[in-house]
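The primary structure of each chain is shown beneath.
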Amino acid sequence: MKNKQIVAFKKNKQEIINLLSEGLFMEAKKRLDELNIRNESYYALFANYYYLIGEHQKGITLLEGATKDFPFSFEILYNLASLKSAVHKQLESLWLFARCVKIAGSNRDREEATKQLNQTIEILKENSTLSPEQFRSALDFTQRILKEGDERTYPINRFNESLVKKITKDSSDNEYFTEMYKSMGIKDVDSNSRYFFKTELLQGKTNDSFYFEIDNETTIPIAFFEQYDDIMVEGPKENYHFSKGVLNPNQFNYFTFSDVGKYKVSSEKPFFMAKPINLTPELKSTQVIITIFVDGLSNNVIEGNLQRLMPYTYNFFSNGYINNNCYTTGDWTLPCLASMYTGKTTLNHGLYHPSNHFELNQNNDLFTKYFKNSGYMTTQINNDWRTTPTYGYLEGMDRVLYQNYAGGFTAGEVVMETIEYLETFKSNNHFLWISLPDLHDVADEINNDLMSQVNVSAKYRQNKNLGTTSVLTSYDPHKIKKYEAELRRVDLHLSTLYNYLSSSFHKDKMIVALVSDHGQTYLSQDDFLLHEYRRKVPFMLTGGKIQQKCSNELCSIIDIFPTIAKMANVELNSHEGVVLKDFGGKGRDIAITETIHPDQPYLVAITDDQHIFRFRTKSNVTGNGTVEMEDFEAQLIDLKTNEDVSMQYDEKLTKYCNMVIQRAMKMQI
């Protein structure tokens with residue numbers, strides 16, 4: 001199939017290029033204004049027009065706005081660097097050219113960007129007002145850009161520097177401090193040791209003195225830089241002196257005070273004090289909101305088998321709400337969790353590139369901030385390297401306890417840290433997210449756990465089936481056996497949490513959700529990546545006066561937090577998410593899943609009440625996030641019979657094709 005709008009755009013694009021090359025700028029501008037596709041080519045052509053007529057600042061303003069939608073576009077960043085150079089902003093130009101070198105998708109582009117980079121360095125060397133020290137610093141930062149990684153290495157940042165004892169800021173300029181946690185004398189980590197130690201991140205401020213006033217029992221967390229001194233506390237009735245020998249320099253020190261009144265905390269050297277925590281605040285009608293995230297849990301596996309495969313989970317949620325028609329928005333963890341936290345599909349939140357730097361919170365609101373602003377202590381107990389604070393998930397968080405899962409922070413320990421945290425702050429209001437990526441062991445052929453090894457027959461463990469990535473692992477009945485065994489192990493550990501919650505909090509005061517980001521490719525022989533075993537994920541709720549229901553209402557993972565917020569009386573901007581009809585909302589008519597991944601086709605699957613629509617481009621997505629959408633394949637599948645009914649519903653097929661192309665037109669090359 002071909003799309004007429006794209007064919008027309010390509011024709012107009014070439015004609016505009018010709019007009020610009022011939023110096024017919026007024027005619028070119030007229031044609032540019034008529035373009036109705038705001039893609040990479042549109043911005044590049046318009047920037048070229050501004051450059052040629054000498055309106056450099058207009059071009060800069062245009063492209064700086066475009067980088068929000070096209071953060072990985074070589075063409076846009078290259079044009080922006082050139083325009084910055086034209087207005088003598090050589091330092092900004094230098095770093096933009098460095099980023100172009102980093103993201104270049106071809107040797108030709110890389111060589112051209114490198115050439116411009118070196119020329120800019122020479123200009124700075126000869127004509128700059130920079131001091132020698134400033135010039136060296138500029139070159140150093142350029143090298144850091146060229147060598148940068150991404151955000152998955154936290155608490156090592158993308159420049160291979162430890163963030164322990166460092167200040168990090170969110171999009172609102174709030175300060176966060178990363179400190180070691182239960183490390184027994186270990187003061188820092190490097191790129192190798194980071195796997196094996198936990199860190200604790202809290203929001204607060206840095207100073208040498210703080211003033212605060214308390215009405216109830218309150219605890220204050222304090223952490224130190226490399227150089228620190230005694231801590232003095234002047235209270236309303238009593239003064240305290242905490243000497244260096246008493247303080248622990250490689251963790252947060254929590255000090256609890258109960259005398260009502262004003263306090264001053266001071267030291268001879270600056271220190272970090274997190275926000276004071278009132279230990280007996282006014283409780284909300286929904287005191288505890290917990291999201292249990294089980295990475296890679298396919299609803300098609302547990303639907304009808306939940307009691308057999310996860311009996312403790314079944315017992316905990318069977319009197320609540322279980323949705324068996326919930327679809328994810330993507331094919332792997334990075335884009336899917338970004339969707340869940342923002343209420344946006346992958347195309348619109350922009351976090352999909354597996355290795356390029358991207359901070360989700362820079363151009364997206366995260367739901368966590370709405371719960372925080374509503375009076376909840378917001379906390380992550382996290383081991384998933386695709387939802388680290390440096391990806392932007394610190395936004396709206398009071399506390400993040402983190403250790404990379406590969407270092408051994410698995411289900412059992414996550415559950416115990418969760419229980420200890422809730423018991424410590426038992427009288428507070430909580431919005432809590434916990435991560436359990438244990439099921440990924442199956443796709444990645446990791447067999448570390450005693451229970452899973454022993455309970456899987458040896459005949460299923462004679463070979464390894466590893467795809468290019470875990471997403472692309474092909475159908476494997478042996479893996480399915482391992483998957484089921486791992487489900488039972490995760491369920492066993494969750495039983496401890498379920499028992500604790502049931503005995504510690506009144507059911508009406510809690511909302512507990514169990515969710516996932518995607519299923520598994522190896523569970524089905526379907527050769528279309530976005531098949532039902534990968535797309536369908538669980539959405540379970542209990543507590544909060546939730547009525548017992550097993551529902552087939554169409555749902556997307558972007559609806560999860562808007563629905564929970566509605567039940568907890570928290571107002572938020574749900575973006576593309578909706579509140580389900582089951583909970584008094586408007587619900588949705590379609591659920592969209594898409595794959596935007598470099599070197600893979602752009603895939604879309606849409607489910608409605610009758611059909612599944614499938615779309616695949618014939619070419620692959622580039623590293624820039626663009627793709628040739630003129631040529632594609634599409635089909636319509638009957639939900640009940642699983643038969644291809646494209647011929648019978650040609651009008652509907654065409655409607656969905658046009659909708660997908662129109663929606664994703666900015667990706668068109």
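Quick note: structure is the one above.
Each chain has its residues counted from 1, following the order in which its sequence is written. In keeping with the model being predicted, local features are shown solely for residues with a pLDDT of at least 70 and side-chain atom pairs are shown and tallied solely at 80 or more, while totals for entire chains, interfaces and linings include all residues. Hydrogens and water are ignored here; the side-chain numbers use all heavy atoms of the structure.

## A short note on the overall build of the protein
For helices the rule is a DSSP run of H or I covering at least 4 residues; for strands it is a run of E covering at least 2, with both sets numbered from the N terminus onward. Looking only at helices and strands, the protein has 21 helices and 22 strands in total. Its C-alpha radius of gyration of 27 Å places the protein within 12% of the 26 Å reference for a compact globule of 669 residues. Each principal axis of the C-alpha atoms in the protein carries an extent, and together these give about 80 × 70 × 50 Å. Only protein chains enter the accessibility calculation, which uses a 1.4 Å probe. A residue is then buried if its area is under 20% of the maximum for its type, exposed if over 50%, and partly exposed in between. Taken across its 669 residues, the protein has 57% of its residues classed as buried. At a minimum sequence separation of 6, the contacts of the protein that also span at least 24 residues come to 70%. Element-wise, carbon and sulfur atoms account for 46% of the exposed surface of the protein, whose accessible area totals about 28,100 Å². Note that His is not counted, nor are the chain ends; the positive residues are Lys and Arg, and the negative ones are Asp and Glu. Note that the charge is assigned to NZ on lysines, CZ on arginines, CG on aspartates and CD on glutamates. Charged side chains of the protein number 73 positive and 86 negative; the gap between the two group centres comes to 1 Å. The quantity called the radius of gyration is restricted to C-alpha atoms. Its globule counterpart is 2.2 Å times the number of residues to the power 0.38. Any two residues whose heavy atoms approach within 4.5 Å are treated as being in contact. The method behind every accessible area is Shrake-Rupley, applied with a 1.4 Å probe, and residues are considered shielded solely by the protein chains displayed.

## Description of helix α12 (residues 333-342)
A large share of α12 lies buried, amounting to 10 of its 10 residues. Regarding α12, the residues found buried are Thr333, Leu334, Pro335, Cys336, Leu337, Ala338, Ser339, Met340, Tyr341 and Thr342. Glycine 343, located one to two residues past α12, shows a positive phi value of around 75°.

## Description of the sheet that holds strand β21 (residues 611-620)
On the basis of which strands lie adjacent, the open sheet formed by four strands has the order β19-β20-β21-β22 and antiparallel pairing. Of all the strands in the sheet, just β19 (591-595) and β22 (632-638) have a single pairing partner and so form its edges. The average undirected angle you get between the axes of adjacent strands in this sheet is 10°. Strands pair, by our definition, only if DSSP identifies at least two bridges between them. Across six bridges, strand β20 (residues 601-607) lies against β21 in antiparallel orientation. Of the residues in β21, the one forming a bridge with valine 604 is phenylalanine 615. Against the sheet, helix α21 (residues 650-663) contacts β19, β20, β21 and β22, and its axis sits at roughly 130° relative to β22. Helix axes are fitted to C-alpha atoms over the stretch in contact, other axes to C-alpha atoms as well, and angles between N-to-C directions run from 0 to 180 degrees.

## Examining helix α4 (residues 56-66)
Regarding α4, the residues found buried are Gly59, Ile60, Leu63 and Ala66. One face of α4 carries all of its buried residues, which in axial projection span an arc of 125°. Note that the arc is computed from the directions linking the helix axis to the C-beta atoms.

## Observations concerning the pattern of salt bridges
The working definition used for a salt bridge is a side-chain nitrogen of Lys or Arg within 4 Å of a carboxyl oxygen of Asp or Glu. Enumeration according to the criterion identifies 32 salt bridges in this entry. Linking lysine 666 and aspartate 69 is a salt bridge whose minimum nitrogen-to-oxygen distance equals 3.6 Å. With lysine 666 in the segment after α21 and aspartate 69 in the loop between α4 and α5 (74-86), this pair connects stretches of sequence that are 597 residues apart. Between aspartate 582 and lysine 549 there is a salt bridge, with its nearest N and O atoms 2.7 Å apart. Residue aspartate 582 is located in the loop between α20 (560-567) and β19, and its partner lysine 549 is located in strand β17 (residues 549-551); the two are separated by 33 residues in the primary sequence. Accessibility expressed as a relative area gives 25% for aspartate 582, which makes it partly exposed.

## Thoughts on a nonpolar patch on the surface
Together, Tyr51, Leu52 and Ile53 line one region of the surface with nonpolar side chains, adding up to about 250 Å² of accessible area. Mapping tyrosine 51 onto the fold places it in helix α3 (residues 40-52). Its relative accessible area of 41% is what places tyrosine 51 among the partly exposed residues. Residues enter patches when their relative accessible area tops 30% and they take part in no salt bridge; the joining distance is 9 Å for like charges and 5 Å for the nonpolar side chains Val, Leu, Ile, Met, Phe, Trp and Tyr.

## Concerning the pairing of strand β15 (residues 510-515)
With respect to burial, β15 is a largely interior element, six of its six residues being buried. Burial of the side chains of β15 extends over both faces: Met510, Val512 and Leu514 are buried on one face and Ile511, Ala513 and Val515 on the other. Across six bridges, the pairing between strand β10 (residues 288-294) and β15 is parallel. Bridge assignment links isoleucine 292 to a residue of β15, and that residue is leucine 514. Bridging between β15 and strand β16 (residues 536-543) involves five bridges; their strand directions are antiparallel. Its bridge partner lying in β16, valine 515 is registered against phenylalanine 539.

## Structural notes on unusual backbone geometry
Cis geometry is adopted by the peptide bond preceding proline 155, which originates at tyrosine 154 and carries an omega value of 10°. Structurally, the position occupied by proline 155 is in the loop between α8 (132-147) and β1 (167-169). Positioned with a positive phi, histidine 575 is a non-glycine residue whose angle comes to about 55°. Within the secondary structure, histidine 575 sits in the loop between α20 and β19. Phi angles above zero are rare outside glycine, and aspartate 599 is one such case at about 70°. Relative accessible area serves as the criterion here: at 63%, aspartate 599 is assigned to the exposed category.

## A few points about the side chain of asparagine 383
Relative to the helices and strands, asparagine 383 resides in the loop between β12 (377-382) and β13 (399-402). With a relative accessible area of 0%, asparagine 383 lands in the buried category. By the criterion applied in these results, polar contacts are pairs of N or O atoms within 3.5 Å in which, for protein atoms, one can donate a hydrogen and the other can accept it, and in which residues neighboring in sequence qualify only through two side-chain atoms. Polar contacts involving the side chain of asparagine 383 include one to the main-chain carbonyl oxygen of phenylalanine 409, which spans 2.7 Å. When near neighbours in sequence (up to four residues on either side) are disregarded, asparagine 383 contacts Tyr402, Gln403, Asn404, Tyr405, Phe409, Val414, Ser435, Leu436 and Pro437.

## Here's the deal with the environment of glycine 343
Turning to its location among the elements, glycine 343 is positioned in the loop between α12 and α13 (346-349). On the basis of relative accessibility, which here comes to 0%, the residue glycine 343 falls in the buried class. For the pair glycine 343 and isoleucine 560, spaced 217 residues apart in sequence, the C-alpha to C-alpha distance is 8.6 Å. Once residues lying within four places of it in the same chain are set aside, the contact partners of glycine 343 are Phe367, Ile558, Ser574, His575, Glu576 and Gly577.

## Section: the packing of aromatic side chains
Pairing of aromatic rings covers Phe, Tyr and the six-membered ring of Trp, with a centre-to-centre limit of 6.5 Å; geometry is then stacked below 30 degrees between planes, edge-to-face above 60, and tilted otherwise. Per the stated rule, a full pass over the model turns up 47 aromatic pairs. The interplanar angle of 65° and the centroid separation of 5.3 Å between the aromatic rings of phenylalanine 210 and phenylalanine 271 together place this pair among those described as edge-to-face. In this pair, phenylalanine 210 sits in strand β3 (residues 198-214) while phenylalanine 271 sits in strand β8 (residues 261-274), placing the two residues 61 residues apart along the sequence. The pair formed by phenylalanine 210 and phenylalanine 271 is uniform in burial state, with each residue classed as buried. Centroid distance phenylalanine 371 to tyrosine 376: 6.3 Å. Interplanar angle 65°. Geometry classified as edge-to-face. An identical accessibility class is assigned to phenylalanine 371 and tyrosine 376; each is buried.

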